[in-house]
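Observations on chain architecture
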Amino acid sequence: PRSDCIAAEQQCLSDSTCNATYRILENCALAKTRLLPLDHDSRVRCLNAELDLGNSSLLHCRCHRRMKRQEHCLRIFWTVHSSMTDGYFNLETSPYENPANEEHWKADYNKLAALLSGKDCSQLAGDATNPCLKATHVCNLSKKCVRLRTDYASICTRGAGSEDTCDRRKCHRGLRNFFEKVPEDFTKRILFCPCQDELCGERRRKTIVPDCSFQYNTKPNCLWLLDSCLEDHICKSRLADFQQNCQPADASPEGCSQHSHAACLQAYMGMIGTPMTPNYVSNSSVEISLWCTCESSGNQKEKCDQILGMFENNKCL
């Protein structure tokens, strides 16, 4: 199994040759972050430093979605892989470990759902026709689920609809906390609950409190949204994971090049709580999108359409 990047970094720093190579890569990544143009010799030096790592554990390390010090781990990954991502929109390598190799909780969703069905049905009117409401009721029976859901809901509804008082950054952090720390048995049911009517659909659409986390007063250009994502280690990593796991493929029965629809859904959930947070676009369909437009994209219209199309017309997703 691959080592995590924090352990790999410690191992590298204790070796003088690896340490020197890593320091070069740190300077390369820093220059890239600050958008400083590198001359030809500097680019060659950066590329050679990456190649010098050869088969070191640092070059092959990965991070876990739910690990402590996740941002530190991701910073190390992008330091080592900075020269590989010269393409404007070409994040082919996900920094995250394959979900199949990650530890999963023994979730008690079914046990709590059974407990719920034994309660007085008059309290739960509408559960049968509103699976989103039922999923919320089951979440309320789990201390962790209800606490983290209440946390993000209270942050994201403060001054909803007003640019001045909605703290989008805090709202996004609360959303990421919920989707990272609550077992997927709960989060998937709340986010992907099947609806037959608009009331249920509206509840599903408001799962991630769109007024604060998703919608601006005016739609920004999707290229601006991408730029702000690439400046953020977590967003950039989640986007790379999404691109890898939600790449459409006609030949696959599931429509996914990785042959795993479940991995794509998990990668999609990872985008929530980042600058590129997606959401349902209405209460009457399962269409999802980013809150952005490709109008006024000039000669980059094709790239802009590609970004939007990953979410709007993606058969794998």
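Here the structure is a predicted model, which means the values were calculated and not measured.

**Looking at the overall build of the chain**
- When helices and strands are counted, the chain shows 15 helices and two strands.
- In the chain, buried positions account for 48% of the 317 residues.
- Taken as a whole, the chain presents about 16,500 Å² of accessible surface, with 50% of it coming from carbon and sulfur.

**A word on the packing of aromatic side chains**
- Going through the model one piece at a time under the given rule, you end up with seven aromatic pairs.
- Ring centres 6.2 Å apart and planes at 85 degrees place the aromatic pair Tyr-216 and Trp-224 in the edge-to-face group.
- Aromatic side chains Phe-242 and Phe-311 sit 4.6 Å apart centroid to centroid with 5 degrees between the ring planes, which places their arrangement in the stacked category. One end of the pair, Phe-242, is in helix α13 (residues 233-245); the other, Phe-311, is in helix α15 (residues 301-312), with 69 residues separating them in the sequence. Each member of the pair, Phe-242 as well as Phe-311, is classed as buried.
- Through a chain of ring-to-ring contacts, the aromatic side chains of Tyr-152, Phe-178 and Phe-179 assemble into a single cluster.
- Across the ring face of Trp-78, the terminal group of Lys-236 is positioned such that the distance to the ring centre comes to 4.4 Å.

**A closer look at helix α3 (residues 40-52)**
- Taking 1.5 Å of rise per residue, the 13 residues of α3 would be expected to cover 18 Å, and the 18 Å separating its terminal C-alpha atoms lies within 8% of that figure.
- Residues of α3 that are buried include every one of Ser-42, Cys-46, Ala-49 and Glu-50, and no others. Projected onto a plane normal to the axis of α3, the buried residues spread over an arc of 100 degrees and lie on a single side. Of the exposed residues in α3, those oriented more than 90 degrees away from the buried face are His-40, Asp-41, Leu-51 and Asp-52.
- Remark: Gly-54 follows α3 within two positions and exhibits a positive phi of approximately 50 degrees.

**Description of empty space enclosed by the protein**
- Counted according to the given criterion, the structure contains two cavities of 30 Å³ or more.
- Taken as a whole, the largest cavity holds about 150 Å³ of empty space.
- Along the wall of the largest cavity there are 14 residues; nearest its centre are Arg-65, Phe-179, Gln-266, Met-269 and Gly-270.
- Listing elements by their share of the lining of the largest cavity, those giving two or more residues are α8 (168-181), α13 and α14 (261-271).
- In terms of residue count, α14 provides more of the lining of the largest cavity than any other element does, four residues in total.
- Taken together, the residues that form the lining of the largest cavity break down as four nonpolar, two polar and eight charged.
- Taken as a whole, the second largest cavity holds about 60 Å³ of empty space.

**Section: the confidence of the model for the chain**
- Residues with a pLDDT of 70 or more make up 83% of the chain, whose mean pLDDT is 82.
- Within the chain, the lowest mean pLDDT, 61, falls on helix α5 (residues 109-117), and the highest, 94, falls on strand β1 (residues 278-280).

**Here's the deal with the state of the cysteines**
- Enumeration over the complete set of coordinates arrives at 14 disulfides.
- Each disulfide pairs two cysteine sulfurs, and for Cys-139 the partner residue is Cys-145, the sulfurs being separated by 2.1 Å. With the S-S dihedral at roughly -110 degrees, the linkage between Cys-139 and Cys-145 falls on the left-handed side.
- By relative accessible area, Cys-139 is classed as buried at 0%.
- Through a disulfide, Cys-294 is tied to Cys-304; the S-S separation comes to 2.1 Å. Taking the torsion about the sulfur-sulfur bond, which here is approximately -95 degrees, the covalent link between Cys-294 and Cys-304 counts as left-handed. You can see Cys-294 sitting in the loop between β2 (288-290) and α15 and its partner Cys-304 sitting in helix α15, a full 10 residues away along the chain. Across this residue pair, the class does not change: Cys-294 and Cys-304 are buried.

**Comments concerning unusual backbone geometry**
- The phi angle at Val-209 is positive, at roughly 45 degrees, despite the residue not being glycine.
- Turning to its location among the elements, Val-209 is positioned in the loop between α10 (198-205) and α11 (210-213).
- Located in the positive-phi region is Ser-296, a residue other than glycine, with phi close to 60 degrees.
- Along the polypeptide, Ser-296 turns up in the loop between β2 and α15.

**Considering the nonpolar core**
- Within the largest apolar cluster, 47 residues are counted, with the highest numbers of intra-cluster contacts made by Phe-178, Phe-179, Phe-242, Met-276, Leu-290 and Phe-311.
- Contacts of Phe-179, omitting those with residues within four sequence positions, involve Arg-66, Thr-187, Leu-191, Ile-208, Met-269 and Ile-272.
- Ala-8, Cys-12, Leu-25 and Phe-77 belong to the second-largest nonpolar core, a separate cluster that totals 23 residues.

Parameters at a glance
- For every chain, the first residue of its written sequence is number 1, and the numbers climb from 1 along that sequence.
- Local features in a predicted model are, by the rule used here, given only for residues with pLDDT of at least 70; side-chain atom pairs are given and counted only at 80 or more, and totals for whole chains, interfaces and linings are based on all residues.
- Side-chain measures were taken over the full set of non-hydrogen atoms in the model, leaving aside hydrogen atoms and water.
- Helix numbers and strand numbers start at the N terminus; a helix is a DSSP run of H or I with at least 4 residues, a strand a run of E with at least 2.
- When accessible area is computed with a 1.4 Å probe and restricted to protein chains, residues below 20% of their type maximum are described as buried, those above 50% as exposed, and intermediate ones as partly exposed.
- In short, Shrake-Rupley with a 1.4 Å probe defines the accessible areas, and a residue's cover is counted only from the protein chains shown.
- Here the aromatic set is Phe, Tyr and Trp, taking the six-membered ring for Trp, and pairing holds for ring centres within 6.5 Å; pairs whose planes are under 30 degrees apart are stacked, those over 60 apart are edge-to-face, and all others are tilted.
- Placement of a charge over a ring requires the Lys NZ or Arg CZ to be within 6 Å of the ring centre, with the centre-to-atom vector within 35 degrees of the ring normal.
- For a helix, the expected span equals 1.5 Å multiplied by the residue count minus one.
- This arc describes the spread of directions from the helix axis toward the C-beta atoms.
- Both cavities and pockets are sets of points on a 1 Å grid over the protein atoms alone; in a cavity a 1.4 Å probe fits but cannot get out, in a pocket the set is open with protein on both sides within 12 Å along at least five of seven lines, and lining residues sit with an atom within 4 Å of a point.
- Grid points are joined across faces, edges and corners, and a volume is the space filled by probe spheres set on the points.
- Amino acid classes used here: Ala, Val, Leu, Ile, Met, Phe, Trp, Tyr, Cys and Pro are nonpolar; Asp, Glu, Lys and Arg are charged; the rest, including Gly, are polar.
- Known as pLDDT, the predictor's per-residue confidence is scaled from 0 to 100.
- Cysteine sulfur atoms that come within 2.5 Å of each other are treated as a disulfide pair.
- Only buried residues count toward a nonpolar core, which is a set of Ala, Val, Leu, Ile, Met, Phe, Trp, Tyr and Cys residues joined through side-chain atoms within 4.5 Å.
- Here a residue-residue contact requires only that any non-hydrogen atoms of the pair lie within 4.5 Å.

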